[in-house]
Amino acid sequence: MARSTSTRAEVKRPSAIVRVYQHAHSGWRKIATAAAAVLAVGMGYHIIFGQNGLTAYQQQRQDAQALQIQLHSLQRENELLKGHVERLQNDPNAIEHQAREELHYTRPGEVIYTMPAAAPSKDVAGQSTVKH
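A brief structural summary.

Rules of the game
- Residues numbered from 1 in each chain as written.
- Predicted model: local features only at pLDDT ≥ 70, side-chain atom pairs only at ≥ 80, totals over all residues.
- Heavy atoms only, no water.
- Salt bridge = Lys/Arg side-chain N within 4 Å of Asp/Glu carboxyl O.
- Helix = DSSP H or I, 4+ residues; strand = E, 2+ residues; numbered from the N terminus.
- Buried < 20%, exposed > 50% of the residue type's maximum accessible area, 1.4 Å probe, protein only.
- Axes fitted to C-alpha atoms, helices over the stretch in contact; angles between N-to-C directions.
- Parallel < 35°, antiparallel > 145°, perpendicular 65-115°, else oblique.
- Contact = heavy atoms within 4.5 Å.
- Nonpolar A, V, L, I, M, F, W, Y, C, P; charged D, E, K, R; others polar.
- Expected span 1.5 Å × (residues − 1).
- Polar contact = N/O pair within 3.5 Å; in protein donor to acceptor, adjacent residues only side chain to side chain.

Quick notes on the pattern of salt bridges
Right, on to step 1. Within the structure shown, the criterion is met by three salt bridges.
Right, on to step 2. Across the salt bridge formed by R100 and E110, the nearest N and O atoms sit 2.5 Å from each other. Here E110 lies in the loop between α4 (92–103) and β1 (121–122) and R100 lies in helix α4, a separation of 10 residues in the sequence.
Right, on to step 3. Under the relative-accessibility criterion, R100 is labelled partly exposed at 24%.

What follows is the structure, given as structure tokens:
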């Protein structure tokens, strides 16, 4: 009978070295898991909010779209101005029209009525503003 109790005691209680190893191993596993979680959260934050992250990418896309719209608008305006220049170079009626508009020239017998410019109104800060 003495033998059976001694074998039970050996199976039941691991040695002190094994217990220290198990305790240290479980602690390192928890620390490694926490470190991996912190690293994953940090990487996710950097991917979304970092210098070249998703928010910066979306801002760049919006800026590119706005610049594309501005480019089309300026191209359209440029084409209109080119047409206007070509008319002024080739059409005497266009030159006359431009001179009459800018210099207020008239033909004999014509009368030009000019409306006075709207008086600038004063706002609270004292700066003059023109209402359109």
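Read on for the rest.
Observations concerning the packing of helix α3 (residues 54–90) against α4
Right, on to step 1. Interaxial distance between α3 and α4 falls to 5 Å at its minimum, and their mutual angle equals 105°. As far as their axial angle goes, α4 and α3 are roughly perpendicular. Residues H84, R87, L88 and N90 of α3 lie in contact with α4, whose contacting residues are P92, A94, I95 and Q98.
Right, on to step 2. Classifying every residue of the contact of α3 with α4 by side-chain character gives four nonpolar, three polar and one charged.

Details of α4
Right, on to step 1. For α4, which comprises 12 residues, the first-to-last C-alpha distance of 16 Å matches the rise-based estimate of 16 Å (1.5 Å per residue) to within 8%.
Right, on to step 2. Among the residues of α4, the N-terminal cap falls to D91, whose side-chain oxygen and the backbone nitrogen of N93 are separated by 3.2 Å.

With respect to the environment of T55
Right, on to step 1. Here T55 shows up in helix α3.
Right, on to step 2. According to the relative accessible area criterion, T55 is partly exposed, its value standing at 36%.
Right, on to step 3. When neighbours within four sequence positions are excluded, T55 is seen to be in contact with I48 and F49.

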